[in-house]
Amino acid sequence: MIMSPSFTSSNKRSYSEAHPQESSHPSIPSSSPQQNGGGDRSSAKRVCKLTPPPPTQSPSSSGGSSNNRLSRSPPAPRVSPQTNGHSPTLITTDRSATYVSPLTIAVVCSSNQNRSMEAHNLLKKRGYNVKSFGTGNKVKLPGPTIDTPNIYSFDTSYAEQFRDLKRKDPSFYTQNGLLNMLDRNKRIKEKPEKFQENKDEFDLIVTCQERVFDQVLEDLTERGGNMSKMTHVINVEIKDNHDDATLGAFLIHELVKEICSSSDHEAEMESIIAALEKKKNKRFLYSPAFY
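Quick summary incoming for the structure in this document. What you are looking at is a predicted structure, and each value in this text was computed from that prediction instead of being measured.

### Here's the deal with the overall build of the protein
- Looking only at helices and strands, one finds seven helices and twelve strands in the protein.
- Residue burial in the protein is summarised as follows: out of 291 residues, 49% are buried.
- In the protein, the proportion of contacts linking residues at least 24 apart, taken out of those at least 6 apart, comes to 74%.
- For the protein, the exposed area adds up to about 14,600 Å²; of that, 48% sits on carbon and sulfur atoms.

### Here we look at unusual backbone geometry
- Unusually for a residue other than glycine, Ser228 sits at a positive phi of about 55 degrees.
- On the secondary structure map, Ser228 appears in the loop between helix H5 (210-223) and strand E11 (230-235).
- With phi around 55 degrees, Asn281 is a residue other than glycine that occupies positive phi space.
- Take Asn281: its relative accessible area is 62%, and that puts it in the exposed class.

### Focus on the state of the cysteines
- Inspection of every chain in the model, using the stated rule, returns zero disulfides.
- Cys208 carries a free sulfur, and the closest cysteine sulfur to it, the one in Cys109, is 5.6 Å from it.

### Section: the packing of aromatic side chains
- Throughout the structure, instances matching the rule amount to three aromatic pairs.
- Centre to centre, the rings of Phe133 and Phe202 are 5.7 Å apart; their planes meet at 70 degrees, and the pair counts as edge-to-face. Of this pair, Phe133 sits in strand E7 (residues 129-134) while Phe202 is found in the loop between helix H4 (178-188) and strand E10 (204-207), placing the two residues 69 residues apart along the sequence. The exposure classification of Phe133 matches that of Phe202, with both residues buried.

### A short note on H4
- Within H4 the residues assigned to the buried category are Leu178, Leu179, Met181, Leu182, Arg184, Asn185 and Ile188.
- On its buried side, H4 packs onto helix H1 (115-125), strand E8 (139-141), helix H2 (158-168), helix H3 (170-175) and helix H6 (242-261).

### Brief notes about the pattern of salt bridges
- In total, this model carries 13 salt bridges according to the counting rule given.
- For Arg187, the salt bridge goes to Asp183, with nearest N and O atoms at 3.2 Å. In this pair, Arg187 and Asp183 both sit in helix H4, four residues apart, roughly one turn of the helix.
- Arg187 sits in the exposed class, given a relative accessible area of 64%.
- The exposure class assigned to Asp183 is partly exposed, which follows from its relative accessible area of 23%.
- Salt bridges here are not isolated pairs; linked through shared partners, they connect Asp164, Arg167 and Lys168.

### Quick notes on the nonpolar core
- Counting 29 residues, the largest nonpolar core has Ile105, Leu123, Ile234, Val236, Ile252, Val256 and Ile259 as its most contacted members.
- Per element, the largest residue contribution to this core is seven residues, and it comes from H6.
- Those residues within four positions of Val256 in sequence are excluded, and the remaining contacts are Ile105, Leu123, Tyr128 and Leu204.
- Judged by nonpolar contacts, the second largest core, of 16 residues, contains Phe133, Phe195, Phe213 and Leu217.

### Considering the side chain of Asp203
- By secondary structure assignment, the location of Asp203 is in the loop between H4 and E10.
- Judged by relative accessible area, which is 16%, Asp203 ranks as buried.

### Concerning the pairing of E10
- A two-sided burial pattern is seen for E10, the buried positions comprising Leu204 and Val206 on one face and Ile205 and Thr207 on the other.
- Pairing of strand E6 (residues 104-109) with E10 involves four bridges; the strand directions are parallel. Counted as the bridge partner of Val108 is Thr207 from E10.
- By the bridge criterion, four bridges tie E10 to E11 in an arrangement that is parallel. In the sheet register, Thr207 faces E11, and the bridge partner there is Asn235.

Reading guide: rules and limits
Residues numbered from 1 in each chain as written. Predicted model: local features only at pLDDT ≥ 70, side-chain atom pairs only at ≥ 80, totals over all residues. Heavy atoms only, no water. Helix = DSSP H or I, 4+ residues; strand = E, 2+ residues; numbered from the N terminus. Buried < 20%, exposed > 50% of the residue type's maximum accessible area, 1.4 Å probe, protein only. Contact = heavy atoms within 4.5 Å. Areas by Shrake-Rupley, 256 points an atom, 1.4 Å probe, with all protein chains shown as cover. Disulfide = S-S within 2.5 Å. Phe/Tyr/Trp six-rings, centres within 6.5 Å; stacked < 30°, edge-to-face > 60°. Salt bridge = Lys/Arg side-chain N within 4 Å of Asp/Glu carboxyl O. Core = buried A, V, L, I, M, F, W, Y, C linked by side-chain atoms within 4.5 Å. Pairing = 2+ DSSP bridges.

Encoded structure:
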């Protein structure tokens, strides 16, 4: 099916029906009721393919503009696929870091606290070039009751959030795991980041909730697609609690590993997703998009 690159609800390729909505922050074990729904999807697979917009012409040597956005940087180096169980060769994609794949990866949840940071932490340890983000208006963390969350701006550092919760009730926030989570987060980066405010371009974007998946596609559509650079957006539905975030991070790692191991991930993307769905008995959402 050929569709317009502009985003509508039919742009996403769903291998199943929509998951129930998840909460936007980690749930508190035992001290408050779970807010996260569950359930499997059971609709037939539907393939959605977009026609990429025409690429911008590169400037000629005889007088083209040097500001052409397509010619700012050379393409990232490729990495050979895994063979015979061996890991891919480490390659350098910039002057300061060495990664196992040239692909740039973003992991996105609502508040850039639990699910995206758990996956960020694991992928970083495994050698991938990864960043993490949130899409919400504010950062929300559980409070003493369901209707009294702790709310911060995205400019509030993890260290500041840690000190605030420790001051309020160190015993409670240690018991529900938030202080441990924030302590981990501040070791990875300074503060939460909002996806809509970031201008980096990623080869692969993995979201942790269907609502976040929709927000990412909406933002990419609003950017205009003028670069004609394709990205792949995949949703791995993860309940927003510490245990499911850990399990979800390993699932995201397996997905990323399969994609980065492919000799042609763009051509094989749908088959990679379908194979992992069958193996894990999970359903993903997938849509190509353009910068």
